[in-house]
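As a plain string of letters, each chain reads:
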Amino acid sequence: MRLAQQGDSKAYARLFQKITPILRAFVGKKLNNPQDAEDVVQEILISIHSASHTYDTDRPFKAWMFTIARYRLTDHLRALYAKIEKGRDVNFEDEAYQLSSSENVTEAYENREYLGKIMSSLPRKQQKIVTMMKIEGYSAKETAQKLNMSESAVKVSAHRAYKALALKAVEEDE
Amino acid sequence: MDTDKLIQKMASEGAQKPLPHPMRQTMLWLIGTLVYLGVLGSYNGLRADISDKFSDLFYMSEIALLIGIGISSALAAFCLSRPDAHQKPWIKYVAFALTLPWMISAFAGASGEITLANLFHSMTLGQFDCPWHIALFSVPPGIAIFLIVRMGATIQCCWAGSMATLSVTAFGYMLMRLIEQNDNPAHLIVWHALPIMLMCMVGMMIGKFALKWR
């Protein structure tokens, strides 16, 4: 790092190449999904790069590096848990995107059928709101005008519907 | 993006030039702050009994401890601008360790008793000019220290914000003690020490938003 801070780009590349396997092992202990783990490793490498000016060469490098790695990993885990807590890992934006962009017709049909099945568990009004906002692309304001409701009532109803759908999706998965 | 390509890209950008050592940052900031406080002190004029106070051991130790708190918390803030807090996890507690002797020297040597009635009476006096002045004295050095800390990559942003605020308010308090001729301990607690605690809490919240490394 001392050489890198003096402008030696080869030493900088060597440093990254040397620490990447260490970081992979560190992240791999906490994350099972290899793709997620690689994403986090890349985030850590970017963070090390962007904080390279805060490293004091008189101090041990590994302690500095692992502090950043722990911070980024915690950030990732916090975001992951928040996502699971909020939507139990079901993102309806993604679902809608998958339906519209899927190249595989059978897969698209199965997705639509799956979504239709869990949607049927909702009250009729909530079904209508979710369909308008997430499939037909209306905004909350436009949906409110069409359904003769207030915008806040639409938002509350939509929020409850997403929560119910997420729970239903988890039940289905189990 | 592939990790190897990412490494090549970052290597071609190169590492950034290292920040000055926290001690050096503290010294530079301290020089600027002392010049600013010196100008303010000479503009406002020191308290009339300052020559007598300089021979008062409690008063002098109070001022020395305030300077100690100011310097140690500024150093802590600059160390906390590094993700690993410059590998000195104890640094943020030094200012707190100095707070107890400061309280002893500030309130033991002050004239008057510290009773609930006195504190309540002091509260009813509404001497808002004291915390207002401390805040005003602290704002320019405070902006400077926050900007310098922001140049780093702070992980403990609440700690960094509160340490930066404690530092500037300790110097603001010190200047008020040099200017204002009031040694009533109830007044010092209600209109000096408590507002500083509040300011530190505000600094902590500002730190959470302004200093967070994203």
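These figures come from a predicted structure and were not determined experimentally. (Residues numbered from 1 in each chain as written. Chains lettered and ligands numbered in written order. Predicted model: local features only at pLDDT ≥ 70, side-chain atom pairs only at ≥ 80, totals over all residues. Heavy atoms only, no water.)

### Some remarks on the overall build of chain B
Within chain B one finds 9 helices and 0 strands. The order of helices and strands in chain B, counted from the N terminus, is α-α-α-α-α-α-α-α-α. Projecting the C-alpha coordinates of chain B onto the three principal axes gives extents of approximately 70 × 30 × 25 Å. Counting all 214 residues of chain B, 51% fall into the buried class. Counting every atom, chain B has about 10500 Å² of accessible surface; 72% of that belongs to carbon and sulfur. If you average the places of the 14 positive and of the 12 negative side-chain charges in chain B, the two averages end up 14 Å apart. (Helix = DSSP H or I, 4+ residues; strand = E, 2+ residues; numbered from the N terminus. Buried < 20%, exposed > 50% of the residue type's maximum accessible area, 1.4 Å probe, protein only. Areas by Shrake-Rupley, 256 points an atom, 1.4 Å probe, with all protein chains shown as cover. Lys, Arg positive; Asp, Glu negative; His and termini not counted. Charge placed at Lys NZ, Arg CZ, Asp CG, Glu CD.)

### A closer look at the pattern of salt bridges
Residues and elements named next belong to chain A. Counting across every chain of the model gives 11 salt bridges over all chains. In this structure, Asp75 and Arg78 form a salt bridge, with 3.5 Å as the shortest nitrogen-oxygen distance. With Asp75 and Arg78 both in helix 4 (residues 61–87) and 3 residues apart, the pair spans about one turn of that helix. Under the relative-accessibility criterion, Asp75 is labelled partly exposed at 25%. (Salt bridge = Lys/Arg side-chain N within 4 Å of Asp/Glu carboxyl O.)

### Side note on the packing of aromatic side chains
Taken as a whole and assessed by the stated rule, the structure comprises 12 aromatic pairs over all chains. Centre to centre, the rings of Tyr71 of chain A and Trp213 of chain B are 5.8 Å apart; their planes meet at 10°, and the pair counts as stacked. Separated into two different chains, Tyr71 of chain A in helix 4 and Trp213 of chain B in the segment after helix 9 (185–210) make up a pair that spans both. Looking at Tyr71 of chain A, the relative accessible area reads 11%, which means it is buried. For the ring pair Phe128 of chain B and Trp191 of chain B, a centre distance of 4.9 Å and an interplane angle of 75° mean the geometry is edge-to-face. One end of the pair, Phe128 of chain B, is in the loop between helix 6 (116–124) and helix 7 (129–150); the other, Trp191 of chain B, is in helix 9, and 63 residues separate them in sequence. Classification of Phe128 of chain B as exposed rests on a relative accessible area of 57%. For Trp191 of chain B, a relative accessible area of 7% translates into the label buried. Grouping aromatic residues by their ring pairs yields a cluster made of Tyr55, Phe61 and Trp64 of chain A. If you follow Arg72 of chain A out to its NZ or CZ, it ends over the ring of Trp213 of chain B, 4.6 Å from the centre. (Phe/Tyr/Trp six-rings, centres within 6.5 Å; stacked < 30°, edge-to-face > 60°. Lys NZ or Arg CZ within 6 Å of the ring centre and 35° of its normal.)

### A closer look at the packing of helix 3 (residues 34–50) of chain A against helix 1 (residues 3–13) of chain B
The geometry of helix 3 of chain A relative to helix 1 of chain B is characterised by a closest axis approach of 11 Å and an angle of 5° between their N-to-C directions. Viewed along their axes, helix 3 of chain A and helix 1 of chain B adopt a mutual orientation that is roughly parallel. Where helix 3 of chain A abuts helix 1 of chain B, its residues Glu38, Gln42, Leu45, Ile46 and His49 of chain A lie against Thr3, Leu6, Ile7, Met10 and Glu13 of chain B. The residue makeup of the contact of helix 3 of chain A with helix 1 of chain B, split by class, is 5 nonpolar, 3 polar and 2 charged. (Axes fitted to C-alpha atoms, helices over the stretch in contact; angles between N-to-C directions. Parallel < 35°, antiparallel > 145°, perpendicular 65-115°, else oblique. Contact = heavy atoms within 4.5 Å. Nonpolar A, V, L, I, M, F, W, Y, C, P; charged D, E, K, R; others polar.)

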